[in-house]
Amino acid sequence: DNHFGSFETIITEAFFVNSKNKKTNTLECGENVTIEIHYQIKKPQSGYNFGMGFYTAAGELVFGTNMNIDGVFPTKLPEEGIVRFCINELNLLEGEYRLQLAIVNSDQEPLDYYRHYSDFNVYAVGTDDCDDVYSEAVELTKESLVLDDEISDLYEDSISVVDGKYVFEGDK
């Protein structure tokens, strides 16, 4: 099934924002891109893990990450909020891709999981820079996970970066 989970926390909306700060599903190779995931908590959980993945139109995984990989696993979040995955220099070949999104709890049980949330396209403009990047996929920087202001206020002293990885030190 494409969409499943307990739906105790849900994705209410998700979209790409390009380097011009516009909502879009058409992205330029090499540009800075943000994925905004808007969520709503219907039943509080003991922990939350947001994740995303890029797949080719043929269904091959190109790149995926989540908060756990970056050492971030918040146990408390506002009832509604936004989690942003920020990508510096989207290094994907020209083509059609699928976006996968998920929220799971601390036991890795799916709360809201979309195997295929939306399609997006990548194009190159007058450059060969994206010809050899398929194996590199997407490089997320240490600043790649951005929490909205309310979430950041909850965790401002709890999330730090050590050796390029997030370290979550628990609730305030």
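Summarised in this report is the structure supplied together with it. (Residues numbered from 1 in each chain as written. Predicted model: local features only at pLDDT ≥ 70, side-chain atom pairs only at ≥ 80, totals over all residues. Heavy atoms only, no water.)

## Focus: the overall build of the protein
Thinking step 1. Scanning the protein for helices and strands turns up 1 helix and 13 strands.
Thinking step 2. Secondary structure elements in the protein, listed N-terminal to C-terminal, are β-β-β-β-β-β-β-β-β-β-β-α-β-β.
Thinking step 3. Across the 172 residues of the protein, 45% fall into the buried class.
Thinking step 4. When contacts within the protein are restricted to residue pairs at least 6 apart in sequence, those whose partners lie at least 24 apart make up 71%.
Thinking step 5. For the protein, the exposed area adds up to about 8800 Å²; of that, 43% sits on carbon and sulfur atoms. (Helix = DSSP H or I, 4+ residues; strand = E, 2+ residues; numbered from the N terminus. Buried < 20%, exposed > 50% of the residue type's maximum accessible area, 1.4 Å probe, protein only. Contact = heavy atoms within 4.5 Å. Areas by Shrake-Rupley, 256 points an atom, 1.4 Å probe, with all protein chains shown as cover.)

## Notes on the nonpolar core
Thinking step 1. With 32 residues, the main nonpolar core has Ile35, Phe50, Phe54 and Phe120 as its most contacted residues.
Thinking step 2. Broken down by element, the residue count for this core peaks at 5 residues, all from strand 5 (residues 33-41).
Thinking step 3. If we ignore the near neighbours within four places in the chain, the residues touching Phe50 are Ile37, Tyr39, Asn66, Met67, Leu77, Val83, Phe85, Ala102 and Ile103. (Core = buried A, V, L, I, M, F, W, Y, C linked by side-chain atoms within 4.5 Å.)

## Considering the side chain of Gln45
Thinking step 1. Within the secondary structure, Gln45 is located in the loop between strand 5 and strand 6 (48-56).
Thinking step 2. Overall, the relative accessible area of 14% leaves Gln45 in the buried class.
Thinking step 3. Within the local environment of Gln45, its side chain forms a polar contact with the side chain of Glu8, the two groups lying 3.0 Å apart.
Thinking step 4. Those residues within four positions of Gln45 in sequence are excluded, and the remaining contacts are Glu8, Thr9, Thr75, Asn105 and Leu111. (Polar contact = N/O pair within 3.5 Å; in protein donor to acceptor, adjacent residues only side chain to side chain.)

## Focus on unusual backbone geometry
Negative phi is the rule for most residues except glycine; trans is the rule for most peptide bonds.
Thinking step 1. A positive phi angle is found at Asn21, which is not glycine, with a value near 65 degrees.
Thinking step 2. The residue Asn21 is located in the loop between strand 2 (9-17) and strand 3 (23-24) in this model.
Thinking step 3. One non-glycine residue, Gln108, adopts positive backbone phi at about 65 degrees.
Thinking step 4. Structurally, the position occupied by Gln108 is in the loop between strand 9 (95-105) and strand 10 (110-123).
Thinking step 5. Gln108 sits in the partly exposed class, given a relative accessible area of 42%.

## Points about the packing of aromatic side chains
Thinking step 1. By the definition in use, this model includes 8 aromatic pairs.
Thinking step 2. Linked through ring pairs, Phe16, Phe54, Phe63, Tyr97 and Phe120 together constitute an aromatic cluster.
Thinking step 3. Note that Lys23 overlies the ring of Phe15, its terminal NZ or CZ placed 4.4 Å from the centroid. (Phe/Tyr/Trp six-rings, centres within 6.5 Å; stacked < 30°, edge-to-face > 60°. Lys NZ or Arg CZ within 6 Å of the ring centre and 35° of its normal.)

## Let's talk about the pattern of salt bridges
Side chains carrying opposite charge are able to pair once their charged atoms draw close together.
Thinking step 1. Applying the stated criterion to the full structure yields 3 salt bridges.
Thinking step 2. For Glu8, the salt bridge goes to Lys43, with nearest N and O atoms at 3.7 Å. Highlighted residues: Glu8 in the loop between strand 1 (3-4) and strand 2 and Lys43 in the loop between strand 5 and strand 6, separated in sequence by 35 residues.
Thinking step 3. Exposure remark for Glu8: the relative accessible area of 23% places this residue in the partly exposed category.
Thinking step 4. Across the pair Lys23 and Glu13 runs a salt bridge whose closest N-O atoms are separated by 3.1 Å. Of this pair, Lys23 sits in strand 3 while Glu13 sits in strand 2, and the two are 10 residues apart along the sequence.
Thinking step 5. Residue classification places Lys23 among the exposed positions, given a relative accessible area of 54%.
Thinking step 6. A residue is classified by how much of its surface remains accessible, and Glu13, at 31% relative accessible area, is partly exposed. (Salt bridge = Lys/Arg side-chain N within 4 Å of Asp/Glu carboxyl O.)

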